[in-house]
Amino acid sequence: MTLQTSKLGAVTILLSTYNGGKFLQQQLDTLYQQTYPNIRMLVRDDGSSDSTKNVLGVEQLEGRVDVLESQNNLGPALSFFELLRQAALTDTAYVAFCDQDDVWQPEKITQAVSALSVVANERPAMYCTRVELVDEHLVHISFGDVPRKIGFGNALVENIATGCTIVLNRKAIDLLCENLPSSPQMHDWWCYLVLSCFGEVIFDPAATIKYRQHGNNTIGVATNIMARYGRRFRRFFGRGKQRAWCSDHAMTFLKIYGNRIPPPERHVIDHFIAAKSSFWSRLKLVFSREVWRQKLIDNLILRILILINRI
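Residues numbered from 1 in each chain as written. Predicted model: local features only at pLDDT ≥ 70, side-chain atom pairs only at ≥ 80, totals over all residues. Heavy atoms only, no water.

Caption draft 1: Highlighting the sheet that holds strand S7 (residues 132-134). Read across the sheet, four strands follow the order S5-S11-S7-S8 without closing on themselves; strand pairing throughout is mixed. Each having just a single partner strand, strand S5 (103-104) and strand S8 (140-143) make up the two edges of the open sheet. Alignment of S7 against S8, held across three bridges, turns out to be antiparallel. Bridge pairing in S8 places valine 134 opposite histidine 140. (Pairing = 2+ DSSP bridges. Helix = DSSP H or I, 4+ residues; strand = E, 2+ residues; numbered from the N terminus.)

Caption draft 2: Main features of the side chain of lysine 108. Turning to its location among the elements, lysine 108 is positioned in helix H4 (residues 108-116). Despite its burial, lysine 108 pairs with no opposite charge; the closest candidate is aspartate 102, at 8.8 Å N-O. Beyond its immediate stretch of four places on either side in the chain, lysine 108 contacts Gln34, Cys164, Thr165, Val167, Thr208 and Ile209. (Buried < 20%, exposed > 50% of the residue type's maximum accessible area, 1.4 Å probe, protein only. Lys, Arg positive; Asp, Glu negative; His and termini not counted. Salt bridge = Lys/Arg side-chain N within 4 Å of Asp/Glu carboxyl O. Contact = heavy atoms within 4.5 Å.)

Caption draft 3: A look at the pairing of strand S4 (residues 94-98). With five of five residues buried, S4 lies mostly within the body of the structure. Both faces of S4 are covered, namely the face carrying Tyr94, Ala96 and Cys98 and the face carrying Val95 and Phe97. Bridging between strand S1 (residues 11-17) and S4 involves five bridges; their strand directions are parallel. From the neighbouring strand, valine 11 faces S4, where its bridge partner is tyrosine 94.

Caption draft 4: Region of interest: the nonpolar core. With 53 residues, the main nonpolar core has Met126, Leu156, Leu168 and Phe253 as its most contacted residues. The dominant element in this core, judged by the number of residues it contributes, is helix H7 (residues 187-198), at nine residues. Core analysis: the second largest hydrophobic core is formed by 32 residues, Cys98, Ile109, Tyr127 and Tyr211 among them. (Core = buried A, V, L, I, M, F, W, Y, C linked by side-chain atoms within 4.5 Å.)

Caption draft 5: Layout of the confidence of the model for the protein. Summing up the model confidence of the protein, the mean pLDDT is 90 and the portion of residues at 70 or higher is 87%. Taken as a whole, residues 240-244 scores under 50 in pLDDT and shows 12 contacts with residues more than four places along the chain or in a different chain. (pLDDT = per-residue confidence, 0-100.)

Caption draft 6: Summary view of the packing of aromatic side chains. Enumeration over the complete set of coordinates arrives at six aromatic pairs. An angle of 65° between the planes, with centres 5.9 Å apart, marks the rings of tryptophan 190 and phenylalanine 253 as edge-to-face. With tryptophan 190 in helix H7 and phenylalanine 253 in helix H9 (residues 247-257), this pair connects stretches of sequence that are 63 residues apart. Judged on exposure class, the residue tryptophan 190 and its partner phenylalanine 253 are both buried. Ring plane angle 35° and centroid distance 6.1 Å describe the contact between phenylalanine 198 and phenylalanine 253, whose orientation is recorded as tilted. Here phenylalanine 253 lies in helix H9 and phenylalanine 198 lies in helix H7, a separation of 55 residues in the sequence. This pair shows no difference in class: phenylalanine 198 is buried, exactly as phenylalanine 253 is. In this structure an aromatic cluster arises from ring pairing among Phe152, Trp190, Phe198, Phe253 and Tyr257. The ring of tryptophan 104 has lysine 108 lying over it, and the distance from NZ or CZ to the ring centre is 4.1 Å. Taking NZ or CZ as reference, arginine 260 lies 5.8 Å from the ring centre of phenylalanine 198, over its face. (Phe/Tyr/Trp six-rings, centres within 6.5 Å; stacked < 30°, edge-to-face > 60°. Lys NZ or Arg CZ within 6 Å of the ring centre and 35° of its normal.)

Caption draft 7: Seen up close, the packing of H9 against helix H10 (residues 263-274). One can describe the packing of H9 onto H10 by two numbers: an axis separation of 10 Å at closest approach and a directional angle of 135°. In terms of orientation, H9 lies oblique with respect to H10. The way H9 lies across H10 gives a crossing that is left-handed. Between H9, through Ser247, Ala250, Met251, Phe253 and Leu254, and H10, the contact on the second element is made entirely by Arg266, Ile269, Asp270, Phe272 and Ile273. Across the contact of H9 with H10, the residue classes break down as seven nonpolar, one polar and two charged. (Axes fitted to C-alpha atoms, helices over the stretch in contact; angles between N-to-C directions. Parallel < 35°, antiparallel > 145°, perpendicular 65-115°, else oblique. Left-handed = near helix turned anticlockwise from the far one by under 90°. Nonpolar A, V, L, I, M, F, W, Y, C, P; charged D, E, K, R; others polar.)

The following block contains the structure:
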């Protein structure tokens, strides 16, 4: 689809930084090289102690970025939500989440707006893409997975949207900012959960970023079979925040959106939450297709954990 330049809405790139001085300038340069002509940049530093603030200071003096005044270390999810709140106060048509250490393809924003522009104006929508995994020197490792089936039942138990690929339209921005959670698992997962219930999730199988893997990644991706199985074990059998999901996430969603949840999705979330306190509900959920994960082995483990009440 060819975009008409005269009708292009502003895209605000939301960049949260934390001790990212090593790769930050390279990432910023790829943002400046985007082919989309109407881009603003809003940055919040989350308490860096390296050269990050100096890099941002120079860029702000040059007029390339706007930097929010910030004192507290909020963590990535709440830092991005603070950026989202600030962007929502402007007339921006879209926002794009951005990490400090990746490399964006020049057409990334153009592709996102092209996909989102065909969605009805009144419908909230989120665009996200596959990623190309690279090492810290940008050497190719592999490509991220493409989900086999997107939906609310998946969003309750898994996130398929890598945050740094997400672009939201205006309706999605407004919907999310009505009541952002105070302790989300991650901002990208929350967006997937909300938009899979109330709007549209567009997943582009074309990789639009080089997703750099290095020792300081907040999340990162397992890049070999041992790392994948180690992460899978910690995800499913770890405690507290290491768990891949929890019913608290669903409870938070239910508390915020309550009676606005459409009947099909309301049935799923009610059944999911009921499984915490009822063996019969757990048994029915195990054999239903209401919730699912993308990989077959994860789907099997999910059902075992539902049965033994580890969700």
